[in-house]
Structures are given as structure tokens and as C-alpha cells.
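Single-letter residue listing:
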Amino acid sequence: MKRFIKAIAAFCAMAMIFGVFSATVFADENEPQAEQPVAEEVAEEEKQDEEAVAEEPAVETPAADDPATEDPAAEESEADAEAPAQDSEQPVVEETLEVADVEGQEAVNEGEGNEEVPQQAIPPFANGQITQDDIDANGGKMPETAGTYTLAEDVEVPNSAHITAAGSSVIINLAGNKITYTGTENLYTIGFVEDVNIDGTDWVLVHGDISLTIKDTVGEGLITASQKTKGSDDHWISINTVNGVNYPNHGTEANKRGGCILVQNSCTLYLEGGTISGFHSQSDGGAVHISNGGHCVMSGGRITNCHSDSVKPNDDGAGAISCHCTSKGTEVGHTLYKSSEDADPVETTISLKGSLKITGGQIDNCSGRQGGAVRVLRADLEITGGTIEDNTAGANGGGILFTKGNTGTFKISGDPVISGNHCSDAKKANVWLSDNVTVTLSGNLSSDAKIEFGGGNTTKNFFNTNGKSYSIDSFISNHDGYKAYVSGSYIKLKQVIMPKVLGYNLLIGGEIAVKVSLQLGEYNTSDTTVNYSYSYDKNGTVKNIEKTLTFYQLTNGGDHYYFYLPVESACMTSEITVTITYTDGEASDTSSVVECANYIINHETDQNYTAEAKAVAKSLIYFGSCAQLQFNINTDNMPANAVPADNFYTYTGASYAPAQDPDSAYYGTSVAFLSMTTVNMYFKKSAFEGDAPAMTVTYDGGGSQTITATPNGNYYMYSIMGPSGNGFAATEVDLGFTYSVGNVNGTYSIFTYLQVVKDKYEGSSSNVLLKLTEAYYDFAMKCLDYKNSVA
Amino acid sequence: MEKTKYEECKIEVIVFDGQDVIVTSPGDCDFETDPLSGVV
């Protein structure tokens, strides 16, 4: 390739400058941290330049010689058709902006100086203010020339701005106001990569050292879009090797990138404040795309509800910020570079590796296929703060997808929170590290840091703690069954048995209960608790049942733990939630008595799921449905198969002995068909003198109890349990007992009650109490059949 | 092979011998029914 003589001369003349320049501007892979100070140094130099120029009288500003306005290549590359109309305005714009100062006083002084300029229309963004009139006068675009600007009111912006002048620093202070971009491309592209031909030689020319800063000194400042955006053309630089020599390969991405802001090579975006919301990109970077060799520092503000539409689903992503480096190498020479527009281009080596540094701010509710919030592809990522949460990836990395590709580095320190993001594959929901990536702690990690992570290879070194301080609790594995642990200087994953609900057994004894079996693994410690809850609806009022058990209230079953959960007869359709809470998280499961019963009914008949067991399950469901109707509980949630069970047991009413009751004290009896079945006998207070007498109960077959009265209006109630001290078992339906209280004595059983109800309501087929008692009898008989079958 | 959550699900009919308390706590439900409901 021929060398242009002027370029050679300029190159030689500026060799010294270049020697310093490359060391400070161009990224060194081995010292990636040097990139950040460089970007800040450049911005600082630009700010100093602005202040120096601001002190000069306006008329001395050589705006007419501004290459950005006179360079035909720059204008030809402008997609905006209104750009030529701006030419006549730009000399004046430059003149004014170079004296503008958002700090106020200097702008006022220089405004006086402007009065010396021949009378013309007030240029846009005078005194560093942005109003709707300024936008309209600037071709419907945001400011594109160096300066500090403050949004003075809400504005609508129909066209895309392009900051092309090398060395420009544009600072936008939202000052609490709103920018609504109404176009379909993006709000800003910063940087300018163009193809030039100088004396027959083709070159790639980079206008670099451009920065855009978004800040908000007031709060609630917003940048949003009124319709779906696409982003703009990414003029990326890659490498083309010819005869072993690398030359810049300049292309334009077919699908647009950077829905709000696109950052080209050798330029930097600073996000310091304000909210960016509602942008889309066709390809990468719903809010921001950093092209090969561009940079972004996010220290504040928020990116929310931005989305990559991922035209190429296997390649595209990052709802919020994407950052790239070409696959062919991290730098390329034989490239022309301008660090300021009034300088001649210099042949240099430029870096093609982008960088993203997040030190604060928040990214939430963004989505993309590869990277819900952030995707870094072969570039450098450093996170020292900020929160990334509630973003969603279609494929990988709900929070961050990092692909190293032999070039990128990933560093963390400080107090970042990357948690609560989403992906259909749970292990990829937050930070997903592809390749054999090891993240390095570049500084101490606060105990407030929280990083949920996963990676394709669960055996690798996920984090290099690098001699820094940290808390292992900050590292949370998204791999089910794996936990983060310390191994020397690294954080790795180990497989652990995680707590879970193993299963359920239905118990029918003196109670109706569910036996819940649990796997606790290494969390069988006093820190572990178990909570169960269910709710029921009575007459439209919802009531909640909830209980928390300590570890010591669980029964050790050898290879598992268990507890019993009593379920009321009318609550068999209530959804029961069991939650195990342990030091590293929670595991929960839901079920219901009806769900367990149906599982038994529908299971293939075998030694565990016998015909007798299925019959009990069916009759239990019907019994429960009758209890729902009797108590008016969960009537909007009746079991689907609530019909009298097959081979329904029936009985007749009569043949029970009335009590000996000389004082007519006996009023009546009810049976409470709850989780425990108890017999409640009522006697008139007026029949007893003095205090209520105790009742003596003696069971057929042995055992007795003494029962004290419970006053109930005009009656004393005696609540009679089964002989075990719990409720009557269903199999004890016919178990008789003798009772004696005061002058009253008699015999009774659950079956007696069933017969009395039948006598009273026979013929009233819709009577809910009659249905309940008939259902209970069938249930009891089926329980006896089952008990006999397993005896 | 990992068991499904219902692989252990079966009916157990418990016959009390007066020693074991089957549940860790009595039923929690408070249906607030009319106390004389169902009295015959």
C-alpha cells in the first residue's frame, strides 16, 4: 500500500506525540484498567479546552475553518437529509458554543460579546440551553457540537444526532426534564468512522476522542421514545489480513444497533444520571451499543424497559448495553486517526476492544435474546457497583452474558447486585459465563454484593478472589443442586443435596392428615424451618391457616424428615404450600388432599395402590365435598369427582338405645367432622343444680375419660374424644361408649349419631347433614376394609 | 432414580395405641360454625 507523503511527513513530525498518545489512548490488554483513566483524561482535556476557549472573544473563534463542517466526507456520511441546511448555521453555532458555559456567568459575559457579531438569528442552544425551539432550529436533533447543554424544558426530538468532530465532548444535563425521541432510528451516534481516499490510497479514518455525557443534576430526568426504534448503522472496524499484514476492515452492520445511543470506535459514553426508557434495537443494544473499540462508563442513572429485538437470535442481544470486540484481533495499524478536527489525520494503531464499566446506577426490565441487560462479547467488563435486576434473556444471561473469546476480561469489586433476573433455563438467569471464563476480583468485594451466577462448565474456577476480601454469601449459584464454595484462591461450585419436599402420604386415623416427607441434605440443622399454609373460603371470607415448625419439630425418618399436617374435612381442595427455609435459600412445593387422593385413585393398581386404598381415597373425596357443603366452605372449589364412591355403604336409621334421663337434661348430640372427629353432647343447664357435673366416659373394649363441661348458652357441652385421646378414628365408627353425667347415663357411638340423623332427615335427599353422615359412614366402612386388607 | 413427589403417596390407616400423637398440633381450622349446628 502506498504511503501518502503528507501523511508520512505528518507522521514523522508527530512521532513523538504518537509515542505518548498510543500509550495513553490505545488499550493494552495486559493493563485494561489503563483504559478508564485515559478516557477520563481525554474528557478532562476537552473540558479544559472548552474553558480556555470560552475565555476568548467569540470573533476569534476559527469556526469557518472547522473541519467538521467543511469535510465533505463527514457530510456525505450524514444520513440526515437536513445536514446541508445546517452548514450556513454551523459557523455561528460553533462560535457561540465555544463560549457557552452551563455554569452561567461566562455565558452571560460572552453573550455580551456576541452583540458585536453582525445581526443574525439566535443560534440553537444559545447559552447552553436546550429548548424545543432549539431542537427545531437544529434540524430536529440534539446538540452535535462540543459543549455543555442543559435541558430547559421537555422536548420532542424527531431526528438522530451524530457527533462527528474528533475531540468533541458533549455533555447533556437533563435537569429533571424529558427528551422524547419521536423518530425510528436512535437519539445519538457518537464517533465517526469513514472510508477516505487520499491520492489513490484507501484509508479508514477514525474521528476519535469523542465523548457524550448524560447527567441529571435535578432528578427524574428522562430520555424516552414514542415509537419503536431500530438504532443506527454501526460502522464497525475489524481486521483484514493481506499477505500477513493486518489492515482495518471497515463495514456497516446490516441490522441497526444502539436503540438510544451508538458508540463508535475510540469514543466514550458516560451515563451519570437520568433514566433511559423504552428504546428498541433491531440488533444489539436496546439502549446502548458499544462498537468495536468504543467505551462506556455507567456511574449512575437507570436503563429500564429497553429491548434488543435480536434479529439474529443466535448472535444478537443485550436489552440495555452491548459491548463488542472483533473476533480477529484487538488492535489494527494502518489506520488514520484524528483526535481533534483541526489536526491532520495520523496513521496509528487503534484498539478494537470495547470496554464497559459499571460503577453505579440500575438496569432493570430490559430484554434480549443473548443478554437480558448486558452482553459483552470479547471486550472488557468491570463492575464495581450498581444493580442489575428483573431483566430477561431469551437464551443466555438474564442479567449479564459474558463471552470472553480469548480477549475479554471480567472484573468485579465493590457492591454490585446482579440478582433476580430471568431466563427460561434457570441456571442462565443472572450472570452467565461462557467459555472457561474466570471473573477476577479487582478490589475488595463488599458483603452487600450479591452475584447470582452460572456457567457452562460447573467444574471451573468461576471467580479468582485475587487476595481481596469478600463474603462467600455474595456468590449464589444458579445451578440447581450446586452451591458456591471457596477452594484456595477461587470460588467454585460443589454439588450438594438441596432441601426439597419429597412427597406426601394421606393418613386417616383419629385425624385426617397429610404426612409430608422432606429431604434436607446438609441443611438438617437448627437454622432450617418448615412452614405450611393453606386457606379456605367461608361465605366469601378467606381465612388463612399457617404454621411454622422448627427443625426440632420434624421427625427424623433416617434418610428423610417428616411432619404431619392436619387437614380439615372441608379443606381437602385447599392448596397446601410447604416451604423449607434454610441458610442458602428456600424450597417449596404445593399439593392438596384431593391431589394426593387422585394420585392414588389414578395410579396403576399394585401392592401399594390396592383396590381398597383407592376405595378409601374416593370415599374421602366425597366425604370432604359433603363437609364443604355442610360448613359452606370452599364451595367455589368443589372436587371434580365428588360423587358417592363405588359400592357405597348404606345403613338404616333405627336400633339405638335412648338415654336414662329422669330430669330431661339431655338436649342432643352433634359430631364434629373436622380433622378430628369428636362427639359433642349437650345438656340443659337448668337441669343441673350448682356447678356443671363432670362426665365419665367408658369405652367398650377398655379405657375411660373424664370430661369437664364447656358452657354454651343455655347448655353445657361435653366434647368426647376417641379412646386414644385424639379424635375417633374412622375405623372406630362403631366403637360404643357409656357416658354418665349428673342423673343422665346412656350409651353412644359415632354410628348412633349417623342413625339419629338418618331417622330425622330420611326422605330429604338434599339435606346436607344427611349427605355428610352417609358419606362419613361409607368412608368409615372403606377404611375398615382397607385396615382388614393390610392386617 | 429421583422419586416423583407422589411416589410415596399412599393411604395409611393409623390405629392408635394411645401412645403416639399422630400430629404435631391439633387441627388449625376455626370454622366458627354455629355450635348447635348438626345437633340431633
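Residues numbered from 1 in each chain as written. Chains lettered and ligands numbered in written order. Predicted model: local features only at pLDDT ≥ 70, side-chain atom pairs only at ≥ 80, totals over all residues. Heavy atoms only, no water.

What follows covers the overall build of chain A. Along the backbone of chain A there are 13 helices and 58 strands. Pairs at least 24 residues apart make up 70% of the contacts formed inside chain A by residues separated by at least 6 positions. Carbon and sulfur atoms form 45% of the exposed surface of chain A, whose accessible area is close to 31,500 Å². (Helix = DSSP H or I, 4+ residues; strand = E, 2+ residues; numbered from the N terminus. Contact = heavy atoms within 4.5 Å. Areas by Shrake-Rupley, 256 points an atom, 1.4 Å probe, with all protein chains shown as cover.)

Let's shift gears to helix H12 (residues 750-761) of chain A. Residue and element names in this part refer to chain A. In this model, H12 (12 residues) spans 17 Å end to end at C-alpha, consistent with the 16 Å of a helix rising 1.5 Å per residue. Where H12 is concerned, the buried positions are Ile750, Phe751, Thr752, Tyr753, Leu754, Gln755, Val756, Val757 and Lys758. Its buried side turned inward, H12 meets strand E51 (666-673), strand E52 (677-684), strand E58 (744-748) and helix H13 (768-790). Following H12 by one or two positions, Gly763 has its phi on the positive side, about 100°. (Expected span 1.5 Å × (residues − 1). Buried < 20%, exposed > 50% of the residue type's maximum accessible area, 1.4 Å probe, protein only.)

Among the surface-exposed residues, Asp133(A), Asp136(A), Glu153(A) and Asp154(A) lie close enough to one another that they form a single negatively charged patch. Here Glu153(A) is to be found in the loop between strand E2 (147-151) and strand E3 (155-157). (Patch = residues over 30% accessible without salt bridge, like charges linked within 9 Å, V, L, I, M, F, W, Y side chains within 5 Å. Salt bridge = Lys/Arg side-chain N within 4 Å of Asp/Glu carboxyl O. Lys, Arg positive; Asp, Glu negative; His and termini not counted. Charge placed at Lys NZ, Arg CZ, Asp CG, Glu CD.)

It is worth spelling out the sheet that holds strand E49 (residues 576-582) of chain A at this point. All names here are of chain A. One open sheet holds the 4 strands; their spatial order is E46-E45-E49-E50, and the pairing between them is antiparallel. The open sheet has two free edges, formed respectively by strand E46 (541-550) and strand E50 (585-591), since each of these has just one partner strand. In this sheet, neighbouring strand axes are inclined to one another by 15° on average, regardless of whether the strands run parallel or antiparallel. Pairing geometry for E49 and E50, over 7 bridges, is antiparallel. Within E50, the residue paired with Val578 across the bridge is Asp589. (Pairing = 2+ DSSP bridges. Axes fitted to C-alpha atoms, helices over the stretch in contact; angles between N-to-C directions.)

Note that Lys215(A) resides in strand E10 (residues 210-215). For Lys215(A) and Leu174(A), which are 41 residues apart along the polypeptide, the C-alpha to C-alpha distance reads 6.2 Å.

Residues and elements named next belong to chain A. Counting 92 residues, the largest nonpolar core has Leu518, Phe563, Val578, Phe623, Phe683, Met695 and Ile720 as the members making the most contacts within it. Aside from chain neighbours lying at most four places away, what touches Val578 is Val501, Val516, Leu518, Val530, Asn531, Tyr532, Phe563, Leu565, Ala587, Ser588 and Asp589. Within the second largest apolar cluster, 73 residues are counted, among which are Val437, Leu445, Phe453 and Phe463. (Core = buried A, V, L, I, M, F, W, Y, C linked by side-chain atoms within 4.5 Å.)

Let's shift gears to the pattern of salt bridges. Residues and elements named next belong to chain A. In the structure shown here, the tally under the stated rule is 19 salt bridges over all chains. Among the ionic pairs, Lys758 bridges to Glu762, the shortest N-O distance being 4.0 Å. One salt-bridge network, held together by shared partners, links Asp234, Glu253, Arg257, Asp284 and Arg375.

Once that is clear, we can look at the sheet that holds strand E24 (residues 346-351) of chain A. Residue and element names in this part refer to chain A. Spatially, 4 strands are ordered E8-E9-E23-E24 in an open sheet, and the strand pairing comes out mixed. The outermost strands of the open sheet, each flanked by one partner alone, are strand E8 (192-198) and E24. Each adjacent strand pair in this sheet contributes to an overall mean axis angle of 50°, direction not counted.

Turning our eyes to something else, we now look at the side chain of Asn391(A). Residue and element names in this part refer to chain A. Assignment of secondary structure puts Asn391 in the loop between strand E30 (387-389) and strand E31 (392-396). Residue Asn391 is classed as buried on the basis of its relative accessible area of 0%. Setting aside chain neighbours within four positions, we find Asn391 in contact with Ile363, Asp364, Asn365, Cys366, Gly372, Ala373, Gly398, Asn421 and His422.

Residues and elements named next belong to chain A. Relative to each other, helix H11 (residues 611-631) and H13 sit at 160°, their axes nearing to 8 Å. Here H11 lies roughly antiparallel to H13, going by the angle between them. The interaxial crossing formed by H11 with H13 has left-handed handedness. The residue inventory of the contact of H11 with H13, partitioned by class, reads 17 nonpolar, 3 polar and 5 charged. (Parallel < 35°, antiparallel > 145°, perpendicular 65-115°, else oblique. Left-handed = near helix turned anticlockwise from the far one by under 90°. Nonpolar A, V, L, I, M, F, W, Y, C, P; charged D, E, K, R; others polar.)

A separate point is the pairing of strand E56 (residues 715-720) of chain A. All names here are of chain A. Of all 6 residues making up E56, 5 are buried, and the element is well covered by its neighbours. In this structure, E52 lies alongside E56, joined through 6 bridges in antiparallel fashion. Within E56, the position partnered with Met681 by the bridge is Tyr718. For strand E55 (residues 710-712) and E56, the ladder comprises 3 bridges, and the chain directions are antiparallel. Paired with Thr710 across the strands is Met717, a residue of E56. Hairpin connection of E55 to E56: 2 residues between the antiparallel strands, including Gly713 at a positive phi of 65°.

What follows is about H11(A). With 21 residues, H11(A) should cover 30 Å at 1.5 Å per step; its first-to-last C-alpha distance of 30 Å lies within 8% of that length. The buried count for H11(A) comes to 16 of 21 residues, which makes it a mostly enclosed element.

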